[in-house]
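Remarks on the overall topology
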Amino acid sequence: MARSVADVAFLLSVMAGVDPRDPACYPSDSTKFAAPLERDFKGVRVAWCPDLRGLPLDERVRSVLQPQRKNFVDLGCIVEDVCPDLSGADEIFLTIRAWNYWHTLGPLLEKHRDEMKPEAVWQIESGGKLSGSDVANAMTRQGELMERMRRFQEKYEFLACAVNQVPPFDATISWPREIAGVKMDHYIEWMKSTYWITPTFCPAISVPAGFTDDGLPVGIQIVGRYRDDFGVLQIARAFEQATGFGRRRPEIAIAIE
């Protein structure tokens, strides 16, 4: 979304706020995001769990992330190896996602199936197989997940984990079929580290966290309390300034024919 955390804050200062056309939004003062992001993080508790308690994580990603724990400590944070209970997050996300796909894109499937990639067809058809009970159960379990997360964050203001479970891969690969020896069963399974956070409704940000030995960028995901977007920006800014990874730019090779 941006070159820096400050850029993200600037964007939110323009686009955040209530809009009567969207009943799902909540009242907020967009000018808050224009305030200084500096903050003292002494004593702030951070839950450190790169793999969200057992997700397969490419060793190159793990090797980049592990040293970053010290940066939070150096900021004054109390960092502990602990993870919230995200049980059910996978089923919740996939069920509600498939249901949305079916209701928004289902009508197009009959006429345009040949123009859709196989993954999209699979996603839409998965939604068509769901019952009302399936969707209602997913929504009920999401409420339970959000409550567990709320209780967890009473103690831990932030959660630090992986953004992606693998480094960037070749553009000719549609999606990774395996991570750390674990087979991926569908085309978004390699992104569990992010979509497990989605049903918690907690704000999250990706911040540059370093590079693999062959120069591929790796990010760290920082998750904050429900609706504390500004707090997430503050700690992300502090991490960004302490590390400077975001200032590094890759060399661009230009092919001349």
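Refer to the structure presented above.
Residues numbered from 1 in each chain as written. Predicted model: local features only at pLDDT ≥ 70, side-chain atom pairs only at ≥ 80, totals over all residues. Heavy atoms only, no water.

Considerations on the pairing of strand 7 (residues 217-223)
For strand 7, the tally of buried residues reaches six of seven residues, placing the bulk of the element in the interior. In terms of strand pairing, strand 3 (residues 158-162) meets strand 7 through four bridges, oriented antiparallel. From the neighbouring strand, Leu159 faces strand 7, where its bridge partner is Val223. Here strand 6 (residues 204-211) runs beside strand 7; their pairing, made up of seven bridges, is antiparallel. Across the sheet, residue Ser206 finds its bridge partner in strand 7, namely Gln221. Where strand 6 hands over to strand 7, the hairpin turn is made up of five residues, of which Gly215 adopts a positive phi near 85°. (Buried < 20%, exposed > 50% of the residue type's maximum accessible area, 1.4 Å probe, protein only. Helix = DSSP H or I, 4+ residues; strand = E, 2+ residues; numbered from the N terminus. Pairing = 2+ DSSP bridges.)

Regarding the pattern of salt bridges
With the rule as written, the count across this model stands at 18 salt bridges. The residue Arg237 makes a salt bridge to Glu38 at a minimum N-O spacing of 3.8 Å. Of the two residues, Arg237 is situated in helix 8 (residues 229-243) and Glu38 in the loop between helix 1 (5-15) and strand 1 (45-48); the sequence distance between them amounts to 199 residues. For Arg237, a relative accessible area of 22% translates into the label partly exposed. (Salt bridge = Lys/Arg side-chain N within 4 Å of Asp/Glu carboxyl O.)

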